[in-house]
Amino acid sequence: MLSHQAAIAGLQPAVRAACRRQIPASSVALSRALSMYHRRGRTAGPLTSPAPPRFLTTTRQVPAHCPPSVLSPGPSSRWLSSHPICEQIDCTISKDLSQEEYDNAYKYIYHQHNHERGPWLQTLKAAEKVIQAHSPRILVIGSGPGEPAATLAASFPDSDVISAHSTTKCAEWASQRFHKHGLSNALARLVPSMENLDAFSDGSFDLVASCYGLAHVADPQAALNEIHRVLKPGGSLLAAVWENAPADPASDIILRHACVGPNPWHRDGNTDVVGGYACPVRSKHPMSLSKPHLLEGMLEEARLPVVEVSNQEYPLKLGKDKAFAFKALTLPIRSELQELKKVDHYHCQDAAEAFEDVLKEGFMVKMHDDGEMEVPYNSYKFVVARREFEDEDAAKQTKAIKTSPGTSSAKKAMEIHPIDVKADPAIFDTWNRMKSAASDKVVAAVKKQIDGFQHSTVVHILDAAPSPYATTAIEIASHHPYADVVATSKSVNVVEAIREETVKAGLSNMKVKALDSGHMTTMPDKSFDVIVCSFGLAFLSHPEETLREYRRLLKPGGSLIVSVWEDFSLKQLSDFIVDEMHAAGGLEDFLGGSSSGVLDQLTPYAQPRLIESLVTKGGFDVTHVDHEAARIILSDNKCSDYGVNVATLAIRPFLQELEKNGGHKDAFGQAKKAFDALIKDPSLVSHDTCGNLVTTLPSRFKIVTATRQYEDSDGYLEQKDAAPKSEGRTAIHVRDIPK
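Residues numbered from 1 in each chain as written. Predicted model: local features only at pLDDT ≥ 70, side-chain atom pairs only at ≥ 80, totals over all residues. Heavy atoms only, no water.

Caption draft 1: Molecular detail of the packing of helix α4 (residues 99-110) against helix α11 (residues 322-329). Following both chains from N to C, one finds α4 and α11 inclined at 75°, their axes separated by 8 Å at the closest point. On the basis of the axis angle, α4 is roughly perpendicular to α11. Taking contact as the criterion, the partners of Glu 101, Tyr 102, Asn 104, Ala 105, Tyr 108 and Ile 109 in α4 are, on α11, Phe 324, Phe 326, Lys 327 and Ala 328. Here the contact of α4 with α11 is composed, by residue class, of 7 nonpolar, 1 polar and 2 charged. (Axes fitted to C-alpha atoms, helices over the stretch in contact; angles between N-to-C directions. Helix = DSSP H or I, 4+ residues; strand = E, 2+ residues; numbered from the N terminus. Parallel < 35°, antiparallel > 145°, perpendicular 65-115°, else oblique. Contact = heavy atoms within 4.5 Å. Nonpolar A, V, L, I, M, F, W, Y, C, P; charged D, E, K, R; others polar.)

Caption draft 2: Inspection of the pattern of salt bridges at higher detail. Within this structure, the stated rule accounts for 26 salt bridges. For Asp 252, the salt bridge goes to Arg 282, with nearest N and O atoms at 2.9 Å. Of the two residues, Asp 252 is situated in helix α9 (residues 247-260) and Arg 282 in the loop between β8 (277-278) and α10 (294-301); the sequence distance between them amounts to 30 residues. Using a relative accessible area of 38% as the deciding quantity, one classes Asp 252 as partly exposed. Its relative accessible area of 8% is what places Arg 282 among the buried residues. (Salt bridge = Lys/Arg side-chain N within 4 Å of Asp/Glu carboxyl O. Buried < 20%, exposed > 50% of the residue type's maximum accessible area, 1.4 Å probe, protein only.)

Caption draft 3: Local environment of the pairing of strand β14 (residues 510-514). Note that strand β13 (residues 483-489) and β14 share 5 bridges and pair parallel. Looking across to β14, one finds that Thr 488 is bridged to Lys 513. With helix α18 (residues 492-505) bridging β13 and its parallel neighbour β14, the resulting β-α-β unit is right-handed. (Pairing = 2+ DSSP bridges. Right-handed = clockwise from strand over helix to strand, strands pointing away.)

Caption draft 4: Local environment of the packing of helix α16 (residues 439-450) against helix α17 (residues 472-479). Contact geometry for α16 and α17: axes closest at 10 Å, N-to-C directions at 45°. The angle between α16 and α17 falls in the class oblique. Remark: the crossing between α16 and α17 carries right-handed chirality. Side by side, α16 and α17 meet where Ser 439, Val 442, Val 443 and Val 446 of the first sit next to Thr 472, Glu 475 and Ile 476 of the second. When its residues are assigned to classes, the contact of α16 with α17 shows 4 nonpolar, 2 polar and 1 charged. (Left-handed = near helix turned anticlockwise from the far one by under 90°.)

Caption draft 5: Structural detail: α17. Residues of α17 that are buried: Thr 472, Ala 473, Ile 474, Ile 476 and Ala 477. Of the surrounding secondary structure, the elements contacted by the buried residues of α17 are α16, β12 (459-463), β13, α18 and β14.

Caption draft 6: View of the pairing of strand β1 (residues 137-141). Across the 5 residues of β1, 4 count as buried, placing the element largely inside the fold. As judged from the 5 bridges shared by β1 and strand β2 (residues 160-165), these two strands associate in the parallel manner. Directly across from Arg 137, in β2, lies its bridge partner Asp 160. Taking the sense of rotation as the criterion, the β-α-β connection linking β1, helix α6 (residues 149-155) and β2 turns out right-handed. Here β1 runs beside strand β4 (residues 205-211); their pairing, made up of 3 bridges, is parallel. Across the sheet, residue Leu 139 finds its bridge partner in β4, namely Val 208.

Caption draft 7: Representation of the packing of aromatic side chains in the model. Applying the stated rule across the entire model yields 15 aromatic pairs. Note on Tyr 212 and Tyr 380: the rings are 6.1 Å apart at their centroids and 90° apart in plane angle, and the pair reads as edge-to-face. Of the two residues, Tyr 212 sits in the loop between β4 and α8 (220-230) while Tyr 380 sits in strand β11 (residues 373-386), which places them 168 residues apart along the sequence. One exposure class covers both Tyr 212 and Tyr 380, and it is buried. For Tyr 380, a relative accessible area of 0% translates into the label buried. Among the aromatic side chains, those forming a connected cluster through ring pairs are Tyr 106, Tyr 110, Trp 120 and Trp 173. (Phe/Tyr/Trp six-rings, centres within 6.5 Å; stacked < 30°, edge-to-face > 60°.)

Caption draft 8: Molecular detail of the sheet that holds strand β19 (residues 685-687). The sheet built from 3 strands is open, its strands ordered β18-β20-β19 with antiparallel pairing. In this open sheet, the two edge strands, each paired with only one partner strand, are β18 (633-635) and β19. For this sheet, the mean inter-axis angle between neighbouring strands, taken without regard to orientation, is 40°. Looking at chain direction, β18 and strand β20 (residues 693-695) are connected through 2 bridges and run antiparallel. Bridge pairing in β20 places Ile 633 opposite Val 694.

Caption draft 9: Structural detail: empty space enclosed by the protein. Going through the model one piece at a time under the given rule, you end up with 6 cavities of 30 Å³ or more. Lining the second largest cavity we find 13 residues, and of these Asp 206, Gly 234, Gly 235, Pro 698 and Arg 700 sit closest to its centre. A breakdown of the residues in the lining of the second largest cavity according to their chemical character gives 7 nonpolar, 3 polar and 3 charged. (1 Å grid on protein atoms, 1.4 Å probe; cavity = no way out; pocket = protein on both sides within 12 Å on 5 of 7 lines; lining within 4 Å. Points joined across faces, edges and corners; volume = space filled by probe spheres on them.)

Caption draft 10: Region of interest: helix α13 (residues 348-361). Its 14 residues place the ends of α13 20 Å apart at the C-alpha level, agreeing with the 20 Å of an ideal helix rising 1.5 Å per residue. Most of α13 is tucked away, with 11 of its 14 residues classed as buried. Here α13 has its buried residues at Cys 348, Asp 350, Ala 351, Ala 352, Glu 353, Ala 354, Phe 355, Glu 356, Asp 357, Val 358 and Leu 359. Looking at the residues trailing α13, positive phi occurs at Gly 362, about 85°. (Expected span 1.5 Å × (residues − 1).)

These figures capture arrangement, not role.
Below is the structure:
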């Protein structure tokens, strides 16, 4: 299609003025008119009237200067209906708007989402990462003919997959697909809408997935609120939404021309009209959630914090038959086109011409040499969000409290004095032991950063928050003999314990020093290639100062790796223990225990993007964020009994207050008996492949990788300034460069 600038370049001034007065220069109709003018070799002569009559689209009347030969034959011909290209447009490609044809096109496009970069595979990969429960329950909403529900059901044979649909047709398609592939663990369900999931009870699913379905919901915020309701605490949402779909603007072009014919720029306010008929308003907008950060903000509003966001792109083929390609491209406006045809306002010829214009433009739709038509540059955003554990979850899951006969029904609330977790040795030791659950993921993150170094080069690594139970530094030094590892801690006990492990491992490339993370003045500037702080920031009073100190110690271009807990699956354990103590009659005069903020103090960076913001303010550039999950080890295969400390971590202040002022001198002993009952409940505690006793529900943590950038103060530009000057050239200093 000719651009208006190219089209009017060779015209006489009067012609250009007349065209601009009649139609905006950006319209498709202008290009068609001017193309016709050039194609006829200007035999009709110039337009003599500076302001000819406006273009009429509902009658055969045309300006007097227009030759009759320009008109298409027939009584219903419309001026400017010819295409700018000389060949005749085949309007049959846009005639058949039957529902059957559109259903075939829909299925053809739909199954292309199984592309290697498509949302089905991304959903499967993410599900494998976030699903930790045995026999998970999965809900897929808006899954069309049954995907990715079928893929998830086949990949998780022990799962229970429900595919929710708001139309009978899609539910039937999904059922047929499940039956075809023998998926007995997948079931299609009909629901009133995605905003109404009353068919499912609260907290009934471990995972909810949606591939492009949220964009077609009338109220996406209400749908997300419903997803929050049906998700279990700790459950995840996987959602894909279009960011760029060229078929969307292409549909707008075709709809406008199909409605108003060759001159689509008559307007009444914001509505296109012809002969008093308004173009139908589109009901489907695939890119309705494409605005940056729109979906993320809605997820935060629905109390579904974002865990990870990624972007992918893949093409969609339309086939080689133009009639079929027309149906596939106009899927977003099929109901509007069918409505136009029903009321006899559908202009088949102009819809076909608009399709040809889109095709020849080459950006929204490409045609390959073999005749295959394709929509390129389809990009989507894939979001992983999580339903966190909330205060009301405990109230919903708390078991009925059993009371001994004769006990008083009047219970009193005990005043719990908050404690500082940094000053409690037992909590500090328990927290150190919990690090071992995530040790392998932290080591893997370090390995990614040092694999690029040549083995002949010594890599200097600082582990600023080591644990004698999570041997991160020892594993790094063992697997990378060319690395020089230094581990520092302000705890003398931790330093001594790690030194013993270092001697046992026979490591000569590792040193352990007693230093405070915030005060490492004895170490020179720019002395480390990688600095690791594994869950250490939670126990620091001034993390900002510590990050500045890390930046001083890190070489330009070096990497900082920080891990923080996002949430713990420990509150369910402590609630169970309190209930057991009530049932045993040990707490008949007191209400249930309180966490007193212990877990909140251990997860100060649980808020989304908080740790990333802190690292950035510390002078680093965040390059990668990994969201991981791990089951907390309660006791190893040697049957150590520290698991009761982990299980009672959230209620430790309550137990201390009981022993001190509540008249229960053996509160921790009673908690230990309750723990013995807890480990028999597989919904709370299970064994891993190594025989360790672990929490059934995973706890979640984040690993942030950041880089210390090169700067002028590092001396590189100044070193160049100090180089010998070439004869006849003037040296330019950094200070002379305009800021």
